[in-house]
Amino acid sequence: MEIHSLQQLEAKGDHRQIQAILGSARPAQNPQLWKYASAYYVRQGMAGKSLEYYSLYLKSTTAEIRDKEAVELAIECAHRLNRGALVREYFDALSTAERESLSERCLGQVAAAYVAAGKLYEAEQLVSYLRHRTGAPQLKDFDTLIAEEFGGRKGALDFINRTPEISPSSPANEQIGHAMTIALAHIATGNYRQAEKVLLLCKSRVAA
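Calculation rules
Residues numbered from 1 in each chain as written. Predicted model: local features only at pLDDT ≥ 70, side-chain atom pairs only at ≥ 80, totals over all residues. Heavy atoms only, no water. Helix = DSSP H or I, 4+ residues; strand = E, 2+ residues; numbered from the N terminus. Rg over C-alpha atoms; globule rule 2.2 N^0.38 Å. Buried < 20%, exposed > 50% of the residue type's maximum accessible area, 1.4 Å probe, protein only. Contact = heavy atoms within 4.5 Å. Axes fitted to C-alpha atoms, helices over the stretch in contact; angles between N-to-C directions. Parallel < 35°, antiparallel > 145°, perpendicular 65-115°, else oblique. Left-handed = near helix turned anticlockwise from the far one by under 90°. Nonpolar A, V, L, I, M, F, W, Y, C, P; charged D, E, K, R; others polar.

*Asks:* So what exactly am I meant to see when it comes to the overall build of the protein chain here?
*Replies:* Counting its secondary structure elements, the protein chain contains 13 helices and zero strands. Listing every helix and strand of the protein chain by position from the N terminus yields α-α-α-α-α-α-α-α-α-α-α-α-α. Radius of gyration (C-alpha) of the protein chain: 22 Å, far over the 17 Å computed for a compact globule of 208 residues. Along the longest, intermediate and shortest principal axes, the C-alpha atoms of the protein chain span 65 × 40 × 25 Å. Evaluated residue by residue, the protein chain yields a buried proportion of 36% over its 208 residues. Taking as baseline every contact in the protein chain between residues at least 6 positions apart, the subset at least 24 positions apart corresponds to 49%.

What follows is the structure in structure tokens.
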């Protein structure tokens, strides 16, 4: 089945026929079919289905022929579905040149996926690359930041234990600053879920 024929069916609104064709396609099909299928299901608001076909596209292509827009679209979908493992899987499958060609937005989503998985070194490497590419001043590495802020990881734990919760009536900027510091301390001790809870609670209070 040629992509042009599928595009004609889509223009006619014949989605049942399109989905039947895509459902019966075999793994050995032209990679462009998987690329079309992935984009088609995004247009249909079926991001999860799109990711299934993108995985086939990724497996059936090489760096020389892969479409950067298809890569970024898949990472965007996985990010929106909170599928961090897929974001990392897609990124890890790319060549160095492909990774460096991704947009700042896309690389930021990948960095967030690494942070969520506790892979701080990989996240730091990406953030450092992004700042270098955009000409922004380089940030301190994580260990240096923790050492300067808390005196080390043990100091971060002590900080958590002795620091009371900030009052919900405090100004928004104070609540945000307090939440960021507490979350950083939790990250330093490996407690990523608690760090996320602190930030989400702060977000809900400030937005109220």
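Now, onward.
*Asks:* Hey, could you run me through the packing of helix 4 (residues 47-59) against helix 5 (residues 68-80) in this one?
*Replies:* When two helices pack together, their arrangement is given by the angle between the helix axes and the distance between those axes. Close contact between helix 4 and helix 5 brings their axes to 10 Å; oriented N to C, the two are set at 140°. Here helix 5 runs oblique to helix 4, going by the angle between their axes. Crossing handedness for the pair helix 4 and helix 5: left-handed. Touching A47, S50, L51, Y54 and Y57 of helix 4 are A70, V71, A74, C77 and A78, all from helix 5.

*Asks:* Quick question: what am I supposed to make of the packing of helix 5 against helix 6 (residues 84-92) here?
*Replies:* At a closest axis distance of 7 Å, the pairing of helix 5 and helix 6 adopts a crossing angle of 160°. When the axis of helix 5 is compared with that of helix 6, the two are roughly antiparallel. Read as a crossing pair, helix 5 and helix 6 show a hand that is left-handed. Packed against helix 5, whose contacting residues are A74, I75, A78 and H79, the element helix 6 presents L86, V87 and Y90 at the interface. Of the residues that constitute the contact of helix 5 with helix 6, the class distribution is six nonpolar, one polar and no charged.

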